[in-house]
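# Examination of the molecular architecture
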Amino acid sequence: MIRINQLKLSVGHTKADMKKKAAKMMRIPEDKILSLVPVRQSLDARKKNELLYIYSLNATVSGKEGAVIKNAKNVNVVLNTEKPYRFPEHGQEPLCHRPVIVGFGPAGMFCGLMLARAGFSPLILERGEDVDSRTQKVEAFWRGGELNPESNVQFGEGGAGTFSDGKLNTLVKDPSGRNKKVLEILAEAGADPSITYINKPHVGTDVLSRVVKNIRQEIIRLGGEIRFGCKLTDFSEAGGRLISVTVSQREEGGFYREETIPAQAVVLAIGHSARDTFRMLSEKSLDLQAKAFAVGLRIQHPQKQINFSQYGVEEPGSLGAASYKLTKQTSSGRGIYSFCMCPGGFVVNASSETGRLAVNGMSNHDRAGTNANSALIVTVTPEDFPNPGPLGGVEFQRRLEEAAFNCGKGKIPVQLYGDFKAGTLSRAFGDVEPAFKGGYSFGNLREVLNPSLTDAMTEGIDSFGRIIDGFDRPDAILAGIESRTSSPVRIPRTPELESAVRGLYPCGEGAGYAGGITSAAMDGIRTAEMIVTRFSPSFY
């Protein structure tokens, strides 16, 4: 197969235009091209009056590929040496009990799918509900209902990413092909096929719910089992090896049934918000460690403003709503950067604990909302945490979330940027119309952030106003607190991906080894590989 790189076309091009350009670059007639498959697509928006798509393509042609490449005399026409992803063969150690996966977010879901495809019939435990029931609970909460601590934006089928923009960006280098495999699986499950090649892929909240359900059904079809309303409460070991897990299963009528499940291989894909599970694990023979993460506020601007800055037009047409990525090293030495930018989206109440409040951003697939929003976050380290120890970051998050809850009187606290700088309470919105999921009220967000974070926030936003015109507009809407950017703990693991307890596999974002849907799913696949490489299923 031939790889064509740096093929440039105007944004309104057709498939015929692509074939014509590819033929020209390979110096062959168009009818010699049998197929063209996009591998990557990125947008070159440096010249606002000449927006271009830049492609890498895989081409199959009639005739000898080597001769075509030689005749092309073009450094961007080369032999495709990319190797397809390969899942390993079974190992030799007998696995007498089916593998258990704790958590059905991206890490647990993809680990479960790969194990099911390999014939390992995983048992997956998820403390939250299936995506349909969960969506009903979340929407009721956003309408003013009571928070369900076990079924919310953080917990349930699909994990925290289900109620997000569904961004699939990752900075992870991936010679193994796991990244591409994740995108292919998502497309097979119902996501737009373009996610396999566009530069900044996303699925969209509305589509994600269907995708995760399709993956669940595939796992079940292949012999896996998924138990919702089932929470890990303990595990047992002997001689440094895992022997069982204890779970609490929610049943009809609100009753709970405790069960001990024998297990040799358990994947801890618990997500970044399973604070009660972190507490239990910290009391076991695992060396949990506090780790750095980031906290901050969400900011909203009119999407048309961002479109004009990035594309030179307010209505982007086929380009879709524009995004941005901003970063700044402040005078205090703290970095501030945009995170989880949601074009055409909403700021949502993402709380999971009573009396505490956290926010996140989400967009539907069409990204057709009026506003753009993004988190602006500042890195915090264990030196910032109020208490030492592995759960210091959890305590730090909780204090911020309690302050946010009090600041907004139980609702999302909101403040215009001009008032935030002045330290005064906002009284009315300006020209930026609020776009929220969940109740909100005006509050002074300086009461939530400490002075060093507040100073970094204002310095950063003013700096970003020199990059995106109007980013620092006084009526930009701030909301807080964005505290669940990544896990506040790390569970150390060996080169075989096991914890200090053999057979216990910390995995994904909650264990401190991922940061987003794609990297968590990749880590889930990698963990499945380790289990399959070691074991042979002997539990039938």
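Just so you know, these numbers come straight off a predicted model, no measurement behind them.

### Some points on the packing of aromatic side chains
All told, the structure shown has eleven aromatic pairs when counted by the stated rule. Between Phe-429 and Phe-442, the aromatic rings sit 4.9 Å apart at their centres with planes inclined by 45 degrees, giving tilted as the arrangement. Taken together, the residues Phe-429 in the loop between helix H10 (417-422) and strand S21 (436-437) and Phe-442 in strand S22 (residues 440-442) connect sequence positions 13 residues apart. For Phe-429, a relative accessible area of 26% corresponds to the partly exposed category. Taking the relative accessible area as the measure of exposure, Phe-442 reaches 25% and is therefore partly exposed. The residue whose ring lies beneath Arg-490 is Tyr-513, and the NZ or CZ to ring-centre distance is 5.7 Å.

### With respect to the sheet that holds strand S25 (residues 504-506)
The sheet built from five strands is open, its strands ordered S8-S7-S6-S12-S25 with parallel pairing. The sheet terminates laterally at strand S8 (225-228) and S25, the two strands that pair on one side only. Neighbouring strand axes in the sheet, compared pairwise and without regard to direction, differ in orientation by 20 degrees on average. Across three bridges, strand S12 (residues 266-268) lies against S25 in parallel orientation. In the strand pairing of S25, Leu-268 is matched with Pro-506.

### Some points on empty space enclosed by the protein
Under the definition given, this model contains two cavities of 30 Å³ or more. Empty space within the largest cavity amounts to approximately 80 Å³. The wall of the largest cavity is formed by Gly-105, Pro-106, Met-109, Phe-110, Gly-158, Gly-161, Thr-162, Leu-186, Leu-208, Val-212 and Ile-517. The set of elements that each furnish at least two residues to the lining of the largest cavity consists of helix H3 (106-117) and helix H6 (205-221). If one sorts the elements of the lining of the largest cavity by residue count, H3 sits on top with three residues.

### Remarks on the layout of surface pockets
Here the second largest pocket defines a volume of roughly 280 Å³. If you trace the second largest pocket, you find 18 residues lining it, with Phe-141, Gly-145, Leu-147, Asn-349 and Gly-410 closest to the centre. Across the lining of the second largest pocket, the residue classes break down as five nonpolar, nine polar and four charged. Two domains each provide a minimum of three residues to the lining of the second largest pocket, namely domain 2 (91-287 + 485-535) and domain 3 (291-480).

What counts as what
Residues numbered from 1 in each chain as written. Predicted model: local features only at pLDDT ≥ 70, side-chain atom pairs only at ≥ 80, totals over all residues. Heavy atoms only, no water. Phe/Tyr/Trp six-rings, centres within 6.5 Å; stacked < 30°, edge-to-face > 60°. Helix = DSSP H or I, 4+ residues; strand = E, 2+ residues; numbered from the N terminus. Buried < 20%, exposed > 50% of the residue type's maximum accessible area, 1.4 Å probe, protein only. Lys NZ or Arg CZ within 6 Å of the ring centre and 35° of its normal. Pairing = 2+ DSSP bridges. Axes fitted to C-alpha atoms, helices over the stretch in contact; angles between N-to-C directions. 1 Å grid on protein atoms, 1.4 Å probe; cavity = no way out; pocket = protein on both sides within 12 Å on 5 of 7 lines; lining within 4 Å. Points joined across faces, edges and corners; volume = space filled by probe spheres on them. Nonpolar A, V, L, I, M, F, W, Y, C, P; charged D, E, K, R; others polar. Domains from an automatic or database assignment.

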